[in-house]
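Okay, here's what each chain looks like letter by letter:
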Amino acid sequence: MLRRPIIQVLRQFIRHESDSATSLILERSLNRIQLLGRVGQDPVMRQVEGKNPVTIFSLATNEMWRSGESEVFQAGDITQKTTWHRISVFRPGLRDVAYQYVKKGARIYVEGKIDYGEYTDKNNVRRQATTIIADNIIFLSDHVKEKM
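Residues numbered from 1 in each chain as written. Predicted model: local features only at pLDDT ≥ 70, side-chain atom pairs only at ≥ 80, totals over all residues. Heavy atoms only, no water.

**Structural notes on the overall build of the chain**
- Looking only at helices and strands, the chain has three helices and six strands in total.
- When its helices and strands are written in sequence order, the chain yields α-β-β-β-β-α-β-β-α.
- Split into buried and exposed, the 148 residues of the chain put 24% on the buried side.
- Summarising the internal contacts of the chain: among those between residues at least 6 apart in sequence, 59% fall at separations of at least 24. (Helix = DSSP H or I, 4+ residues; strand = E, 2+ residues; numbered from the N terminus. Buried < 20%, exposed > 50% of the residue type's maximum accessible area, 1.4 Å probe, protein only. Contact = heavy atoms within 4.5 Å.)

What follows is the structure in structure tokens.
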């Protein structure tokens, strides 16, 4: 009774080799990212003719570690690396909320997927761009209250 549904689920995740070249195999994959950081700039909304509008802002995440060979807690210098992420919001409701309420310095949590693309700059040079396509944003701080 239970065996049949388990086999059906497993077939979604396991690729089977087939003698038939015409059989279509669909595999599941995962492209998810979770970021927790501070907004680097107020969002801007852009719209290219014929395409949906998008809200764009930057998000900084920090990585900290203690340098030095000693295992003593106070020994060694603390080093910090900041990584900047470009966040793009396409979903209509979320796009408008992000544009209105995301502010520079606010602490937020972003869930989404990572997207790699190419564009041609003003000098006709092909460039690569990495963007996080946001599916969900959680506001963790009220930036206005923090400044008071």
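**Focus on the pattern of salt bridges**
- Under the counting rule described, the total for this entry stands at four salt bridges.
- Residues D96 and R95 are paired through a salt bridge, measuring 3.7 Å at the closest nitrogen-oxygen approach.
- A salt bridge links R126 to E118; the nearest nitrogen and oxygen atoms lie 2.5 Å apart. Accessibility assignment for this pair places R126 and E118 in one class, exposed. (Salt bridge = Lys/Arg side-chain N within 4 Å of Asp/Glu carboxyl O.)

**Considering the confidence of the model for the chain**
- Per-residue pLDDT for the chain averages 83, and the proportion of residues at 70 or more is 74%.
- Ranking the helices and strands of the chain by mean pLDDT puts strand β1 (residues 33–39) first, with 97, and helix α3 (residues 143–147) last, with 51. (pLDDT = per-residue confidence, 0-100.)

**Points about a nonpolar patch on the surface**
- Residues L36, I138 and L140 make up a contiguous nonpolar surface patch of roughly 250 Å² in combined accessible area.
- Here I138 shows up in strand β6 (residues 126–139). (Patch = residues over 30% accessible without salt bridge, like charges linked within 9 Å, V, L, I, M, F, W, Y side chains within 5 Å. Areas by Shrake-Rupley, 256 points an atom, 1.4 Å probe, with all protein chains shown as cover.)

**A look at the nonpolar core**
- F57, I87, V89, I108, V110 and I137 are the most contacted members of the largest nonpolar core, which totals 16 residues.
- Among the elements of the structure, β1, β3 (54–66), β4 (78–89), α2 (92–101), β5 (107–120) and β6 are those that each provide at least two residues to this core.
- With near-sequence residues (within four places) excluded, I108 lies in contact with L35, L36, G37, V39, F57, L59, I137, I138, F139 and L140. (Core = buried A, V, L, I, M, F, W, Y, C linked by side-chain atoms within 4.5 Å.)

**Things to note about the environment of K103**
- Position of K103 relative to the elements: it lies in the loop between α2 and β5.
- Since its relative accessible area comes to 37%, K103 is described here as partly exposed.
- Once the C-alpha coordinates of K103 and G40 are considered, the two residues, 63 residues apart in sequence, prove to be 8.3 Å apart.
- In this structure, K103 is in contact with V39 and D42, ignoring residues within four places of it in sequence.
- Within the structure, K103 has its side chain in polar contact with the backbone oxygen of Q100 (distance 3.3 Å). (Polar contact = N/O pair within 3.5 Å; in protein donor to acceptor, adjacent residues only side chain to side chain.)

**Side note on the side chain of T61**
- Relative to the elements of secondary structure, T61 occurs in strand β3.
- One polar contact links T61 to H85, side chain to side chain, over a distance of 2.8 Å.
- Once you skip the residues sitting within four places of it in the chain, T61 turns out to touch L35, L36, G37, K81, T82, T83 and H85.

**Looking at the environment of L140**
- By secondary structure assignment, the location of L140 is in the loop between β6 and α3.
- Residues L140 and R107, spaced 33 residues apart in sequence, show a C-alpha to C-alpha distance of 5.5 Å.
- Not counting chain neighbours up to four residues away, the residues in contact with L140 comprise L36, R107, I108 and Y109.

**Observations concerning the pairing of β3**
- Looking at chain direction, β1 and β3 are connected through two bridges and run antiparallel. Bridge assignment links R38 to a residue of β3, and that residue is A60.
- For strand β2 (residues 44–46) and β3, the ladder comprises three bridges, and the chain directions are antiparallel. Along β3, the bridge assignment pairs V44 with I56.
- Pairing of β3 with β4, which is carried by twelve bridges, proceeds in the antiparallel orientation. Along β4, the bridge assignment pairs M64 with Q80. (Pairing = 2+ DSSP bridges.)

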